[in-house]
Structure formats: structure tokens, C-alpha cells
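Chains, contacts and geometry: an overview
Here is how the chains run, residue by residue.
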Amino acid sequence: MGEVRVGGQYVLDRARFPEFLSALSACGYDVVGPTVRDSAIVYDRIEKLDDLPVGWTDRQDGGKYRLERRSDEALFGYNVGPFSWKRFLFPPRERLWTAEKVEGSFVVRPEPTGGPRLAFLGVRACELAALDMTDKVFQGGPVADPGYRARRARILKVAVQCGQAGGTCFCVSMGTGPGVRSGADLVLTEILSPGPHRFLLEVGTPLGAEVVARLAPPLSSAAKDEEGLARGIVERTAGSMGRRMDTGGIRDLLRTNLEHPRWEIVAARCLSCTNCTMVCPTCFCSSQEEVPSLDAQAVERWRRWDSCYNLAFTELHGTSVRKSGLSRYRQWMTHKLGTWHDQFGTSGCVGCGRCITWCPVGIDLTEEVAAIRASPGTITTKGGSR
Amino acid sequence: MLADQPRAPAHAETMGHPFAPIPYTVRSVVLETPDTTTLVVEPHGDQRIPSSRPGQFVMLYAFGVGEVPIGVAGGNAEGQLIHTVRSAGKVTQALTHLTPGDTVGIRGPYGHGWPVANARGGDVVVVAGGLGMPPLREVVYELFRHRDSFGRVEIVYGARTPKDLVYYNEIQSWRRRDDVRLQVTVDAAGREWYGDVGVVTTRIPDCRFDPPKTTAFVCGPEIMMKLTAQALVERGVKPESTWISMERNMKCAIGLCGHCQFGPSFVCRDGPVFCYRDLAPLLAVREV
């Protein structure tokens, strides 16, 4: 005890994983992590080992997501599902303030910020990158979002190295994974074989060290070959990405191809259903709603997730700026891969593949980028940009 | 949007919650046109928003209904603010039906305004279309206050019909000045109208200014701004000296909600006033 150091690497036996969960609780965290619900792996409260998707994996492709049994008892043997961690920092619905009428005026009471300290268990490398991106959006500008900032300050991130790549994964192309490089308090690598089922546990921060120090008897330090084994797992994952995207000069490629004929082809398939924006770990658009009481003496101001695919999103004087499905798909993709660079200095895409998997018609942005790249600047239609 | 454009002060943390409106009382109401109302409001209590610069906007809040972005048309040292609102949706309908003594909420001011100081030493042309006049009203008074700092001043104001002209009496008083040239035109009019008929772009050839030394401030519907800017550039006004004010759906006004994006820009934070040179390529594309 007390010798756990940042940068230290330890071995956690699978049998002691429940103790690890207890250590997180003992440090004051509510654990949220992957669990099976409605035939998908989602993120929710984890109270015991069996809440995790033990022995499950997923099979993903464009418009396809299936859970399957594994032949082993792996705890993290799958890739990302329809949920992302953003929902715990930027909730789908959130009350911003309440107000009531008082003597011919009104008094506003901002919603208290804070809430429980959460341990995110099972954060993938691409998801760590996504958290960096939403940090920039919500607290990197001149005005920080009070709710996001308060919740963000109370998070412990327990990352998991991906032991396999999903069918729609392309984190290697986006430079976000699969290996966790930084930003995690603790990093787990699940080692299924050779040898007993165990985890390499790397300590990234003092907060992480505090959790590991709770474990008694103390964890043994990892041997060199454990580290090599863990590195090999990540390398194998990197070599089996389901998708790839050539990101070279992509900001300018998209900026100069706003009237490429490919947009019409993809727009003919796009249902404007908003699924891709709901599952995206970085999409941050929201709307605000006024909810008055029945006697109109009090109101609640709510924020909820919105999407650039909604017709009302760009409503102005009773009409919409982006009326066509084409313009709405184009806005989403050019923002995500192009103008995000102008706004935040990075891509808005982490290569997690959720938008491909959860698109009901299997639209694949890697395919769309490739199509534009194959014949850039071929046309100008009406308006004539270039 | 640009390095040479004055930057708005960061919305101070001391303002409290960034989404909480501050109560203001409606002092007076002027019915400008059948659907457009000018509200003069003043702080209800001790709290007030920081003073704004010409071209900035606020989020105007109707209790129980919602918020809309509205340009600041004027203000004074006592914290009074002037806003001109056209009834187009449920929030603006509520705002245009307020009477003196009613309460509204205000948060802001937001965005970058008109770089009036950059125009010093040269000629200035102000072109307003319809409700593009309110966000330019303070520009006009800024020019009047520092009249010697500028060369010729041309004001062109167009509306659909004579009854759509706002600030009618006030604008007549501008006409009486001998150091400003004012052209008012309407798209269509009956026999009662003795003035010009035609869209604002038809008045640009008549403007008297030295194009390379002219700064243009243009506000109105997007198509009007685009065509006006093109007409000005055709006359030799530099695209980098031509400024327009963009309008988009806005929910947060501080770059967090995503609604107002126009290409790489958040109109709320990087605009609403932009340099035409920077926007021209995107204005050529439909539904950006």
C-alpha cells in the first residue's frame, strides 16, 4: 500500500475484478460502464461484475449491429455501442434554469451543477479523443457550459485497450487509436491468453493511483512480458480496422467540393433520421425549450439534444435555411470532417464508426469521402462555387 | 471574424449563468409597421447587461414563451435599450404584443459589431434593406457623432412598400442634414409614394463615393446583402471593406448549440457582422 505510482503497471487477475469495482466505489465514484440492454451494449450504472457484458461480443457493419456470445468470459470483448460518454457530461435532456414571476418581474434560478462523481469504466481510445473534443466545445471557448464543466471535473476515466477492431472502426485513420496514449486515469488491457485471464493495469494519474492503492493485498507489478503481450494486443487491433479513411487535406477537399454530384447520390439514401448525430460521441448540437407551468407563473428552461438533420434546426422567419436533405447531410459531414478543424483545431471525427453502424440505410462516411476524393472539383452546378 | 475587427469582450463570468436572462421593463412601445414594433426597455433591478457596440445582438426573452436573437438598435448610459422586432414566430409575436410596464428578459450583448472605426478617413455607404435598418441605426449615429472623421456619407434604405419603412420620422430628420446623402426606395408603391421605386441595388450606381476609399455596411435579407455587395464591388469598393450582418437560427448565442453555423463560422460568436471578402465563396452556394 502507498507504493502505487503514476506510470506504474500492475497485474489485476480477473478473479479480483469485483475488488477493483469496490475500490472505485470506496474512492467515492459511482461506476458507469458497458452493460447489455435491448440487444445492445450501452453505458449505465455498474454495481457488480455481472452487470458487465461478460462473454458477449458485437458484430458491426453498415446499418448492422448484432450481439453474439463469445467462446470465453471476456469482460471487454466488443467495440463501441450506440451510447457514448457524452450523455453523462452533456445529458440528452437537461434543465438549465427555472424562473417564476415575482411582483411584475421574474426571478431566475440557475440549476445547481454538480452531481455524483462518476467513474467511466471501459473508455476506448477513440472515446478519450471524443472527450477531448467535447471539452474543447463546451469549455474551451470564451464561455464555458456550467453544467458540462461541473460534471467533467468529477469524472474518473478508466480506459480499456481494444482487443479487437469492429467492422466499422477506423480510429487508425483518424489518429485516435486503438492504443490509449494519454488522458486516462487508469488503463486496462484485457489479456485472455496465454496464461490466466487477467488485466494489465496502468496508472495514468494520482486519482488513478488512489484507486489502485485501495486494493489489498496490493497488486503485483507487471513483468516485461505482460507489457509486451499488451502491446501486441493493441498492434493486432490496429491491423484489423473494418474501415479506413484518407484524411489528407480533407478540410480543403470538402470546402472546395460543396457542389459535388456525390452529395445528391448520398442524399437520395439519407433519411434525415438523425441517428448518426445521436450516436456520435462529439455531435454537440442542442436546442432550448421553454416549459411553462399551467398557471403561467413559473417556467423551466430545458436543453435537449438537437440535430442538424432536423428541418427546424435552421428555421428563420418561418422557413428553413437547409430545406433539402442534401444540404443537411452535407452540413453534417463537412462540419464533422472539415470545418471542425477551423472551429476547434482538430477533426470532429474520432473514427468510432457509430454513424456507419447505426445508419438505418448504412451510409458510410468513409465511402462518401473516398467518392469525392476520386473525382474532386468535377463540376459546378447552380451557384457555381468552384 | 478578423484580426482587424474589434473583438467583443468575453461574456464575463460575473454575469452569472450564461443562459439566465436579466429582467428588463418595457418603457415604451412604437408600432413601426403593422407587424413590427420598437421596444424601449430599461433594467428592472440592479442587474443590466454590459453596454453594446453597433451591430451586436442580444437574446430577447418573453417569459413562458422563449428567446430570440435581436439586434441592438440603440441604447443609452442609463441602460435603456432599443429593439425593433417583427412578428414572425411565437416568441416575436409575444414580444410585439408587449405594452409599457411589461417585463422581458435580456442576455448579451453578443458577437462582433460593425467596424465603424476602420472606416475613418474614407467615405462610408450604409445600405439597409427592410429590417436591416435597426442593426445599422447606431452606425448612423456613430457617423453623425464623429462626422468630421469620415468623408462622404451615403445612406440607402429600401423596403418592400412605403408602409414597411421603419423609423420613418427619424429618417426624415436625417434627410434634413446637409452632410449626409439619403436615398429611400421601395420595391412597390401606390400613387401616394413620391420617392424612388426599385430594389436597393438600383440605387448603388447613384451613390457618391470614392470606391477604393469607401467602407460599406450592408444589412438586410441575405439575397439583398449579396446583390448589394456585388453591386458595390462592381463599382470598385473593396470586398475587404464591405461588411454584412448574417442572420441564422440561434438558441444559445455563445457558440455551444450549433444552430447558427455558416461554413466554418458560428454566426453568434464569429459574426454576426462579417467581412464580405470572407463570406463571398459560401454565399454563392445554396443552403449552406
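Residues numbered from 1 in each chain as written. Chains lettered and ligands numbered in written order. Predicted model: local features only at pLDDT ≥ 70, side-chain atom pairs only at ≥ 80, totals over all residues. Heavy atoms only, no water.

Notes on the overall build of chain B
For chain B, the count of helices and strands is six helices and 16 strands. By the burial criterion, 58% of the 288 residues in chain B qualify as buried. For chain B, the computed accessible surface area is about 11400 Å², with 50% contributed by carbon and sulfur atoms. Distance between charge centroids for chain B: 2 Å, based on 30 positive and 30 negative side chains. (Helix = DSSP H or I, 4+ residues; strand = E, 2+ residues; numbered from the N terminus. Buried < 20%, exposed > 50% of the residue type's maximum accessible area, 1.4 Å probe, protein only. Areas by Shrake-Rupley, 256 points an atom, 1.4 Å probe, with all protein chains shown as cover. Lys, Arg positive; Asp, Glu negative; His and termini not counted. Charge placed at Lys NZ, Arg CZ, Asp CG, Glu CD.)

What to know about the interface of chain A and chain B
With 57 residues of chain A at the contact, the number on the chain B side is 44 residues. For the interface between chain A and chain B, the tally reads one salt bridge. Between E67 of chain B and R301 of chain A there is a salt bridge, and its shortest N-O distance comes to 3.3 Å. Mapped onto the side of chain A that touches chain B, the elements with two or more residues apiece are β6 (93–102), β7 (105–110), α3 (125–139), α4 (146–152), β13 (286–292), β14 (298–305), β15 (315–316) and α11 (325–344) of chain A. Looking at the side of chain A that touches chain B, the element that brings in the most residues is α11 of chain A, giving eight residues. (Contact = heavy atoms within 4.5 Å. Salt bridge = Lys/Arg side-chain N within 4 Å of Asp/Glu carboxyl O.)

Examining the packing of helix α9 (residues 262–269) of chain A against α11 of chain A
All names here are of chain A. For the pair α9 and α11, the least separation of the axes is 8 Å and the interaxial angle reads 105°. Regarding the angle of α9 to α11, the classification is roughly perpendicular. Counting all contacts with α9, which are made through W263, E264, V266 and A267, the residues of α11 involved are G325, L326, Y329, R330, M333 and T334. Residues that form the contact of α9 with α11 fall into these classes: six nonpolar, two polar and two charged. (Axes fitted to C-alpha atoms, helices over the stretch in contact; angles between N-to-C directions. Parallel < 35°, antiparallel > 145°, perpendicular 65-115°, else oblique. Nonpolar A, V, L, I, M, F, W, Y, C, P; charged D, E, K, R; others polar.)

A word on the pattern of salt bridges
Two side chains carrying opposite charge are able to pair once their charged atoms lie near each other. According to the stated counting rule, one finds 43 salt bridges over all chains in the structure shown. The residue R243 of chain A makes a salt bridge to D364 of chain A at a minimum N-O spacing of 2.5 Å. One end of the pair, R243 of chain A, is in the loop between α7 (224–238) and α8 (250–255); the other, D364 of chain A, is in the loop between α12 (354–357) and α13 (365–374), and 121 residues separate them in sequence. Accessibility expressed as a relative area gives 4% for D364 of chain A, which makes it buried. The partner of D252 of chain A in a salt bridge is R251 of chain A, with the nearest N and O atoms 3.8 Å apart. Where salt bridges share partners, they join R137, E138, E142, R145 and E170 of chain B into one cluster.

A short note on the domain arrangement of chain B
All names here are of chain B. Assigned domains within chain B: domain 1 (13–110) and domain 2 (116–245). Placing the centre of domain 1 and that of domain 2 at their C-alpha centroids yields a distance of 25 Å. Each partner contributes residues to the interface: domain 1 has 14 residues there, and domain 2 has 13 residues. Carbon and sulfur atoms supply 61% of the area that domain 1 and domain 2 bury against each other, a total of about 1100 Å² over both sides. Three residues, E32, P54 and A73, lead the burial of domain 1 against domain 2; their summed loss comes to 39% of the area buried on that side. At the boundary of domain 1 with domain 2, the tally comes to zero salt bridges. (Domains from an automatic or database assignment. Buried area = accessible area lost by both parts, 1.4 Å probe.)

Thoughts on the sheet that holds strand β5 (residues 74–75) of chain B
Residue and element names in this part refer to chain B. An order of β4-β3-β7-β1-β2-β6-β5 is seen for the seven strands of this open sheet, with the pairing classed as antiparallel. Each edge of the open sheet is held by one strand with a lone partner, namely β4 (66–71) and β5. Both strand β3 (residues 57–62) and β4 contribute to a ladder of six bridges, which runs antiparallel. Residue Y61 lies in a different strand from β4, and its bridge partner there is E67. (Pairing = 2+ DSSP bridges.)

Quick word on the sheet that holds strand β10 (residues 186–191) of chain A
All names here are of chain A. Pairing in this open sheet of eight strands is mixed, and the strands run β3-β2-β8-β9-β10-β11-β1-β12 from one edge to the other. Each edge of the open sheet carries a strand with a single partner, namely β3 (40–45) and β12 (220–221). Both strand β2 (residues 30–37) and strand β8 (residues 118–123) contribute to a ladder of three bridges, which runs parallel. Note on β8: the bridge partner recorded for V32 is F120. The strands touched by α3 are β3, β8 and β9 (155–160); relative to β8, the strand with the most contacts, the crossing angle is about 135°. Helix α6 (residues 206–213) rests against β1 (9–13), β9, β10 and β11 (198–203) of the sheet, and its axis sits at about 135° to β11.

Comments concerning the packing of aromatic side chains
On inspection of all chains with the given rule, the structure shows 31 aromatic pairs over all chains. Centroid distance Y141 of chain B to W174 of chain B: 5.8 Å. Interplanar angle 80°. Geometry classified as edge-to-face. Residue Y141 of chain B is located in helix α2 (residues 133–145), and its partner W174 of chain B is located in helix α3 (residues 168–175); the two are separated by 33 residues in the primary sequence. What makes W174 of chain B buried here is its relative accessible area of 1%. Through pairs of rings, three or more aromatic residues link up here, namely F90, F138, Y148, F284, W305, W340 and F344 of chain A together with F266 of chain B. Sitting above the plane of the W305 of chain A ring, K86 of chain A keeps its charged end 4.5 Å from the centroid. (Phe/Tyr/Trp six-rings, centres within 6.5 Å; stacked < 30°, edge-to-face > 60°. Lys NZ or Arg CZ within 6 Å of the ring centre and 35° of its normal.)

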